[in-house]
Number of protein chains: 2
Amino acid sequence: MYQAKINVTLRKSILDPQGKAVHHGLESQGLKSVTEVRIGKFIEMLIQTDNENDAKRITEEACKKLLANPVMEDYSYTIEKFPEGYEI
Amino acid sequence: MYQAKINVTLRKSILDPQGKAVHHGLESQGLKSVTEVRIGKFIEMLIQTDNENDAKRITEEACKKLLANPVMEDYSYTIEKFPEGYEI
């Protein structure tokens with residue numbers, strides 16, 4: 001069993017109104033030294049395989065097919081061994 | 001300048017319907033070996049300070065006050081030095 005941890009972020013050139021709203025909220029809370037906020041998705045996935053390369057291939061395919069929009073988003077991930085019989 | 005990378009995840013005990021929907025979508029795409037999916041938020045923040053401890057304190061405060069709901073969510077973060085004059 002492997003666990004994939006995937007970060008999906010908006011590309012630099014894409015405006016992030018949700019990040020702007022959170023930035024504004026932080027300023028209202030007195031956190032004035034925060035100068036920029038961008039918000040993306042964090043996805044954890046369990047993959048039933050004993051082969052790390054298989055886990056990578058499946059994660060890559062999941063990102064390309066479903067998790068990230070290639071026009072607007074970038075993704076990065078890490079893969080780690082995960083003990084059998086547990087849940088995330 | 002420091003950059004904080006924050007992961008906000010739903011607590012184990014909280015149901016994640018968005019994760020279930022994505023899991024189902026991956027199965028429909030033929031990715032049958034994915035056994036669980038959970039979805040959280042990924043937040044990148046730039047902090048105007050030269051002091052790493054300040055950056056940590058500000059990130060912690062932002063998570064507690066605004067970014068994570070302590071009843072339903074956990075958070076973790078990393079802090080890295082970030083070159084002046086750049087944007088994320």
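To be clear, the structure that these remarks concern was listed above.
Please read all numbers here as calculations on a predicted model, not as lab measurements.

> What is the right way to read the interface of chain B and chain A from this model?
How big an interface is tends to be stated in terms of the accessible area lost upon association of its parts. Listed by partner, the interface residues are 33 residues for chain B and 33 residues for chain A. With both chains or domains summed, chain B and chain A bury close to 3200 Å², and 61% of this area falls on carbon and sulfur atoms. Counting every contact that joins chain B to chain A gives zero salt bridges. Considering each element in turn, the side of chain B that touches chain A owes the most residues, 14 residues, to strand 2 (residues 34–47) of chain B. For the side of chain B that touches chain A, the residue count by class is 17 nonpolar, eight polar and eight charged. Sheet analysis places strand 2 (residues 34–47) of chain A next to strand 2 of chain B, joined by 13 bridges and oriented antiparallel. Residue pairing in the sheet places A:Val34 in a bridge with B:Ile47 of strand 2 of chain B.

Criteria and thresholds
Residues numbered from 1 in each chain as written. Chains lettered and ligands numbered in written order. Predicted model: local features only at pLDDT ≥ 70, side-chain atom pairs only at ≥ 80, totals over all residues. Heavy atoms only, no water. Contact = heavy atoms within 4.5 Å. Buried area = accessible area lost by both parts, 1.4 Å probe. Salt bridge = Lys/Arg side-chain N within 4 Å of Asp/Glu carboxyl O. Helix = DSSP H or I, 4+ residues; strand = E, 2+ residues; numbered from the N terminus. Nonpolar A, V, L, I, M, F, W, Y, C, P; charged D, E, K, R; others polar. Pairing = 2+ DSSP bridges.

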